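Fold and geometry: a report
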Amino acid sequence: MKQYDVIIVGGGLAGLQLAICLGVHKMRVCVIDKSPISHIVESADDGRTCAIAYASANLFKHTGVWDIVGDKACPMHDIRIQDGDLVKGISYFGMEYNRDLVEGKDLGYIVENNTLRRCQYERLQQLPTVSYMAETTIQDYTTTNDTAQVVLEDGTMLESKLVVGADGKFSKMRELAGIKVSQWQYDQTAIVCTIDCERPHNNTAVELFLPSGPFASLPLPNNRMSIVWSERTALVDDIMALDTDGFNAHLKRRVGDWLGDISVSGNNRWRYPLGMMHAHTYIADRFCLIADSAHSMHPIAGQGFNMGVRDIGALTECIVNAYDAGGDIGGASVLQEYERYRYADNTSLVTICDGLTRLFSNNNSILKIGRSLGLGALNRIPFAKRMFMRHAMGM
C-alpha cells in the first residue's frame, strides 16, 4: 500500500495549489483527479476567469506559481462600481477605487482559469514529492486511529495521515464524509464570454448593478475583457440563442462606449447557474474540505476564489506547523485549528455576498435611491474606501 502524508482529491485550481504549497515543504502528497491530463494541458477556453486578490497573488509568488503565470495575468489598476438601469440609464453616483489608495499596488489580477490551472500543473511537475493520478475515481475512504485509507475504483488502496476534499461544489468526498450543506439557487444564471475591444481598457474593471443582476467587465491581457453577465434565468435561453449581431448589441448596451467597438472572441459564450452553498463543518475524522468543496457563492464581489486561497494558506500553515513539530498532521487538534481560522471568516463573506445579491438585484425604487446615495457617499470618504479596498485585497 502506497503511503503519503496528504491525499488531495480533486485536481482543480484549489487541489493543485494546496499540493504545491505542501510540496514546497517536501511533504509527500498525492493528487487524485477523475479527468485526463489533457483537460489540463490542452484545455479549451470555458469563459471562466479568476479575480486574484493581492494577498492571493503573494501566495502564488511564494510557491513559485507566479513565475509561470504572472505574465499571463492582467493587473487591475482601477475598479468602478455603479448602480443603473438599462432604460433610465446609469446613476450619477458610483464608487471608484484606484491603486493610488494603496500606495500604487495592483488592486488584483484577472487570469483565465484554464491558463492558471495549466501553469499550476507545470509547477507541480517540478516538485519531486508530489504525485498526480489522473483518470482516477475514489470509491471510499476509511480511517483508523492514526491513518486514513482511500479506496480507488479499481480496488487499489492508498494511505495517508490526512485526506482533503477539493473536488468542487458537488463534492463526492464531502458526501462520503457525511458532511451536510446549506444551499439554494438564485434566479440568475451567469452568461460569460470574452470580448475584443477597439479602445484600451487601461487595466480597469467595471461592475454595473442592474435589476436583473450584476454585470462585470474584467480586464485581460491583449486588450480583451472577460464578461460576467448575471441575468434572470428565464431570459437566458433567448439571450444565448441570439445571433452574433443581436448578442453583441445586448452586450454593447451594458458595456457602454468606453471600449469603442467590441466583439465576442470566437463568438463563444457559456452559461453557469448561480447559487450559494456552505458546508455545516469543514472537518471530519482525518478529513477536511477546502475552497468550492466547502463553500460557493454568487460572483458579485469577486471573492469566491480568494476565499479558497485563504483556506489553502490556513490549512498549509496548520499542517506544516504540526509536521515540523513531529505532530499528527491529520489529528483532531490540527483540523480544529484550521476550522477556527476559516469557518467564521467564510460564513461572514457568504452572508455578506448573499445580502449584496439580494440588495442590488432588484428594481425597488427606494432601495435604488439608497444604493446610489450609499455608493456616492462612500466614494467621497477616502479613509473608508481605503479600508474596504485593503480588505478586498486581503491586506
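To start, this report covers the structure provided alongside it.

Cut-off values and rules
- Residues numbered from 1 in each chain as written.
- Predicted model: local features only at pLDDT ≥ 70, side-chain atom pairs only at ≥ 80, totals over all residues.
- Heavy atoms only, no water.
- Pairing = 2+ DSSP bridges.
- Helix = DSSP H or I, 4+ residues; strand = E, 2+ residues; numbered from the N terminus.
- Axes fitted to C-alpha atoms, helices over the stretch in contact; angles between N-to-C directions.
- Parallel < 35°, antiparallel > 145°, perpendicular 65-115°, else oblique.
- Left-handed = near helix turned anticlockwise from the far one by under 90°.
- Contact = heavy atoms within 4.5 Å.
- Buried < 20%, exposed > 50% of the residue type's maximum accessible area, 1.4 Å probe, protein only.

Now for the sheet that holds strand 20 (residues 283–284). Ordered by their spatial adjacency, six strands build an open sheet running 9-3-2-13-21-20, and the pairing between neighbours is mixed. Each edge of the open sheet carries a strand with a single partner, namely strand 9 (130–133) and strand 20. Across two bridges, strand 20 lies against strand 21 (residues 287–289) in antiparallel orientation. If you follow Ile283 over to strand 21, its bridge partner there is Cys288.

This paragraph deals with the packing of helix 1 (residues 13–24) against helix 9 (residues 304–324). Where helix 1 meets helix 9, the closest approach of the two axes is 10 Å, and the angle between their N-to-C directions is 30°. As judged from the angle between their axes, helix 1 and helix 9 are roughly parallel. Handedness of the helix 1/helix 9 crossing: right-handed. Across the interface between the two elements, Leu13, Ala14, Gln17, Leu18, Cys21 and Leu22 of helix 1 pack against Phe305, Ile312, Leu315, Thr316, Ile319 and Val320 of helix 9.

Take unusual backbone geometry next. Negative phi characterises most residues that are not glycine, and trans characterises most peptide bonds. The phi torsion at Glu135 lies on the positive side, around 50°, for a residue other than glycine. Phi at Asn223 takes a positive value of approximately 55°, unusual for a residue other than glycine. A residue is classified by how much of its surface remains accessible, and Asn223, at 24% relative accessible area, is partly exposed.

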